[in-house]
Amino acid sequence: MDLLALADFNLVARHGGFGRAARESGRPKATLSRRVAELEKSLDLRLFERGGRTLKLTQEGRALYERTAALLTELDETTSAIASGGDRPRGRLRISAPLLFSQTAMGKVAAGFALKCPEVRLEVTTEDRAVDMIEEGYDLVIRVNPDPDERLVGRIFLRDRLVVVAPPGLRRATRGQAVPVVIRVPSDRMAAWDVKTKTGKPRIAVDPVLCLSSLVMVRDAVRAGVGAARLPLSLVSHDLAAGTLVHWGDVDGPDITLWTLYPSRRLLSARVSAFLEYLKEAFPMGTSHELAAFIDG
């Protein structure tokens, strides 16, 4: 197979069209079109659906792109490392991270990594949705309790847990009464919360009086005395220690786990390996108290 034609195919697939790929790479549009046509002829496959102004990968084209994009990137990085006489992390590193971790810790993580690896150009986007790493060009994603994905491998680097906290002046509900609470999304609405305490597993009747889109906003509303909330321990441990919030118990459910994920078919680049190593240095134990100390430090 012609590696140059394969590289041109990946270029067009990554940018979603011949015109955009030509502008980004400085290659003639006609050359890219000819190279892709030659590749399709040699494989006896149609790799793109051409119609109107749109260019869409066929099923075979997508499969070829998913299997070769990472390999070509790795080949390019390997030759660059050999040519420069070393294997220092360098180049662009694109990461997708969830909202809460980005708001509380990612800025500090990114800054520390940038100082340690100045030749890496780190780009971090914040979103809670499950991004398509290959289609959207991410090198690594950070996700909370991700669903299994056979295309990805990864590791847990932090563990946290949900706790029920309240302002000191808020009284717990008596029989037949509900406690005012702050929730993050409408789907969190429920009649009662199951809580674990040292003395048992009580159910707390709740009345959602405020719905906010960010857990940081939820915490701030609880601090202001609006009601109780279920929040990660790392986000409120300082308040609990200071007595500005009180602990009503742990949420009865699984722990929160933060994962780093990357394509399973890809040999890790030096920059991805360096970022994973930096996370290990930042959170050697991977506990909620360690994350809280990192946030407040």
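Here the structure is a predicted model, which is why all the values come from computation and not from measurement. (Residues numbered from 1 in each chain as written. Predicted model: local features only at pLDDT ≥ 70, side-chain atom pairs only at ≥ 80, totals over all residues. Heavy atoms only, no water.)

Undergrad: Hey, could you go over the pattern of salt bridges for me, with residue numbers and the actual values?
TA: One pass over the full model with this rule turns up 18 salt bridges. Note that Arg 223 and Asp 220 form a salt bridge whose closest N and O atoms lie 3.5 Å from each other. Here Arg 223 and its partner Asp 220 are both found in helix 7 (residues 215-223), 3 residues apart, which amounts to about one turn of the helix. Arg 223 sits in the partly exposed class, given a relative accessible area of 39%. For Asp 220, a relative accessible area of 36% puts it in the partly exposed group. One network of salt bridges, in which partners are shared, links Asp 8, Arg 27, Arg 34, Arg 35 and Glu 38. (Salt bridge = Lys/Arg side-chain N within 4 Å of Asp/Glu carboxyl O. Helix = DSSP H or I, 4+ residues; strand = E, 2+ residues; numbered from the N terminus. Buried < 20%, exposed > 50% of the residue type's maximum accessible area, 1.4 Å probe, protein only.)

Undergrad: I'd love a proper account of helix 1 (residues 3-15), names of residues and values included.
TA: Here helix 1 spans 18 Å end to end across 13 residues, near enough to the 18 Å set by a 1.5 Å rise per residue. If you check which residues of helix 1 are buried, you get Ala 5, Leu 6, Asp 8, Phe 9, Asn 10, Leu 11, Val 12, Ala 13 and His 15. Following helix 1 by one or two positions, Gly 16 has its phi on the positive side, about 75°. (Expected span 1.5 Å × (residues − 1).)

Undergrad: Please give an account of the sheet that holds strand 3 (residues 91-97) that cites residues and values.
TA: In spatial order, the strands read 4-3-5-13-6; together these 5 strands make up an open sheet with mixed pairing. Edge positions in the sheet fall to strand 4 (120-126) and strand 6 (152-160), since each has one partner strand and no second. Taking each pair of neighbouring strands and ignoring which way they run, the sheet shows an average axis angle of 20°. Note: strand 3 against strand 5 (residues 140-144), 2 bridges, orientation parallel. The residue of strand 5 that forms the bridge with Ser 96 is Val 141. (Pairing = 2+ DSSP bridges. Axes fitted to C-alpha atoms, helices over the stretch in contact; angles between N-to-C directions.)

Undergrad: Break down the sheet that holds strand 12 (residues 246-251) for me, with residues and values.
TA: Read across the sheet, 6 strands follow the order 8-10-9-12-7-11 without closing on themselves; strand pairing throughout is mixed. Only two strands of the sheet have a single neighbouring strand rather than two, namely strand 8 (179-183) and strand 11 (229-232). When the angles between neighbouring strand axes are averaged without regard to direction, this sheet yields 55°. Sheet analysis places strand 8 next to strand 10 (residues 203-211), joined by 5 bridges and oriented parallel.

Undergrad: Account for the packing of helix 1 against helix 2 (residues 18-25), with residues named and values stated.
TA: One can describe the packing of helix 1 onto helix 2 by two numbers: an axis separation of 8 Å at closest approach and a directional angle of 110°. Taken as axis vectors, helix 1 and helix 2 run roughly perpendicular relative to one another. Side by side, helix 1 and helix 2 meet where Leu 11, Val 12 and His 15 of the first sit next to Phe 18, Arg 20, Ala 21, Glu 24 and Ser 25 of the second. Taken together, the residues that form the contact of helix 1 with helix 2 break down as 4 nonpolar, 2 polar and 2 charged. (Parallel < 35°, antiparallel > 145°, perpendicular 65-115°, else oblique. Contact = heavy atoms within 4.5 Å. Nonpolar A, V, L, I, M, F, W, Y, C, P; charged D, E, K, R; others polar.)

Interpretation note: all reported values are geometric properties and have no functional meaning in isolation.
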